[in-house]
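# Topology and contacts: notes
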Amino acid sequence: MSGHESGAGIRLSVVMPVYNEEATIRESTRRVRAVPLDLELICVDDGSTDGTRAALRELQAEGVIHRLIEQPRNRGKGFAVRTGIAAATGDVVVIQDADLEYDPFELPRLLEPIADGRADAVFGSRFAGGPHRVMYFWHRMGNGVLTLLSNMFTDLNLTDMETCYKMARADLMKSLPLSANRFGIEPELTARLAQSRARIYEVPISYAGRTYDEGKKIGWRDGVAAIWHIVRANVLGPKAARYTPPSLSHGHEPAPVAERHQTLSS
């Protein structure tokens, strides 16, 4: 079954946090809209200081973006992600960076395990066999250490905890008690999904990483901070409530995607 067929009848909310991505925002949004899925594109401008906000307004006027949320000042990727999740109206939510490192044409493959009832959440793994640009050695080592530490706390066997591509049923995503404002959103999302006992799948994805000269923003300080966020999200409260897919709560076979949504408190 193709990703397009398996996603029939499912609306995917694509949450795109954006900060100073004038050079890539038009192409990244165009690629998302070209994906053969029923989707809504929600862009959250996180206080951009270049021409990104003007470009986003043009894209919204052209109908490329379904919803544009403008933050008055920079609050961090995590805050933008949480804002986008709260605004999502689809059946499934996924995070999509605006920097062209992740290929949205792989979204149908990520959606398949949720669409056919096997999974509640799906991670796109950059290190599970997909083609990728050869990049920084120490970044790869750092990702491995952080994934290992996260797995030790969550008892998951993920290969790429720090991946941007985290997709989940909307009611599940909206129920998670998220509070991270910066890049700590990655380990926090992982911890909360593990606490919810969600059925998590990994799907290999390609990866075209950027250099710092090309605009890469995450640095070694964020890697160090991630250690604290892993500990905080797994040890300290509030913990995520156990999740039961609505279709399973009545003893039925898994439906493609739950249609009920919960409102995420701000």
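One can find the structure itself at the top, above this paragraph.
The following refers to the structure shown. The structure displayed is predicted, hence computed values, not measured ones. (Residues numbered from 1 in each chain as written. Predicted model: local features only at pLDDT ≥ 70, side-chain atom pairs only at ≥ 80, totals over all residues. Heavy atoms only, no water.)

### Points about the nonpolar core
Definition in use: Residues belong to a common nonpolar core when they are buried Ala, Val, Leu, Ile, Met, Phe, Trp, Tyr or Cys residues joined through side-chain atoms within 4.5 Å. To sort residues, take the accessible area from a 1.4 Å probe on protein chains only and compare it with the maximum for the residue type: under 20% means buried, over 50% means exposed, and anything in between is partly exposed. Here, two residues are considered to be in contact whenever any of their heavy atoms come within 4.5 Å of each other.
If you look at the biggest cluster of nonpolar residues, it comprises 62 residues, and the most contacted ones within it are Leu-12 and Met-167. Once residues within four sequence positions are removed from consideration, Leu-12 is found in contact with Leu-37, Asp-38, Leu-39, Glu-40, Val-92, Val-93, Val-94, Leu-107 and Met-167.

### What about helix 8 (residues 185–195)?
Note the cut-off: Helix and strand assignments come from DSSP, with helices taken as H or I runs of at least 4 residues and strands as E runs of at least 2, each series counted from the N terminus.
Of all 11 residues that make up helix 8, 11 are buried, and the element is covered over most of its length. Along helix 8, the residues classified as buried are Ile-185, Glu-186, Pro-187, Glu-188, Leu-189, Thr-190, Ala-191, Arg-192, Leu-193, Ala-194 and Gln-195. Just past helix 8, the residue Arg-197 takes up positive phi, approximately 60°.

### Considering the sheet that holds strand 7 (residues 200–204)
Just so we agree on the cut-off: Two strands are counted as paired when DSSP detects at least two bridges linking them. Throughout, an axis means a line fitted to C-alpha atoms (over the contacting stretch in the case of helices), and angles, computed between N-to-C directions, take values from 0 to 180 degrees.
If you walk across this open sheet you meet the seven strands as 3-2-1-4-6-5-7, and the pairing is mixed. The open sheet has two edge strands, strand 3 (67–70) and strand 7, and neither has a second partner. Here the strands of the sheet are splayed against their neighbours by 20° on average, with no regard to which way each runs. Two strands pair when backbone bridges link them, and strand 4 (residues 92–95) and strand 6 (residues 166–169) are joined in this way by three bridges, in the antiparallel orientation. The partner of Val-92 across the bridge, within strand 6, is Arg-169. Helix 4 (residues 77–87) contacts strand 1 (11–18), strand 2 (38–45), strand 3 and strand 4 of the sheet and is inclined by roughly 155° relative to strand 1.

### Side note on the side chain of Asp-97
Spelled out, the test is: Contacts described as polar in this section are N or O atom pairs within 3.5 Å, which, within protein, must combine one atom able to donate a hydrogen with one able to accept it, while residues neighboring in sequence count only if both atoms come from side chains.
By the secondary structure assignment, Asp-97 is in the loop between strand 4 and helix 5 (107–115). A distance of 3.1 Å separates the side chain of Asp-97 from the side chain of Lys-77, its partner in a polar contact. Not counting the four nearest positions on each side in its chain, Asp-97 is found in contact with Met-16, Pro-17, Lys-77, Tyr-102 and Cys-164.

### Remarks on the pattern of salt bridges
Here is the rule we go by: Definition used for salt bridges: Asp or Glu carboxyl oxygen within 4 Å of a side-chain nitrogen of Lys or Arg.
Per the counting criterion, the structure on display carries 17 salt bridges. One network of salt bridges, with partners in common, ties together Asp-45, Arg-53, Arg-57 and Glu-70.

### Focus: the packing of helix 2 (residues 25–33) against helix 3 (residues 52–61)
The criterion, for reference: Small angles under 35 degrees read as roughly parallel and large ones over 145 as roughly antiparallel, with 65 to 115 read as roughly perpendicular and the rest as oblique. By convention the crossing between two helices is left-handed if the near helix lies anticlockwise of the far one by an angle smaller than a right angle, and right-handed if it lies clockwise.
Viewed as axis vectors pointing N to C, helix 2 and helix 3 meet at an angle of 30°, and their least axial separation amounts to 10 Å. The orientation of helix 2 relative to helix 3 falls into the category roughly parallel. The handedness of the crossing between helix 2 and helix 3 comes out as right-handed. Of helix 3, the residues touching helix 2 (which contributes Ile-25, Arg-26 and Thr-29) are Ala-55, Leu-56, Glu-58 and Leu-59.

### As for helix 4
Extensive coverage of helix 4 is indicated by the burial of nine of its 11 residues. All of the buried residues along helix 4 are Lys-77, Gly-78, Phe-79, Ala-80, Val-81, Arg-82, Gly-84, Ile-85 and Ala-87. Looking at the packing, one finds that the buried side of helix 4 touches strand 1, strand 2, strand 3, strand 4, helix 7 (170–175) and helix 8.

Geometric descriptors of this kind do not, in isolation, establish any biological role.
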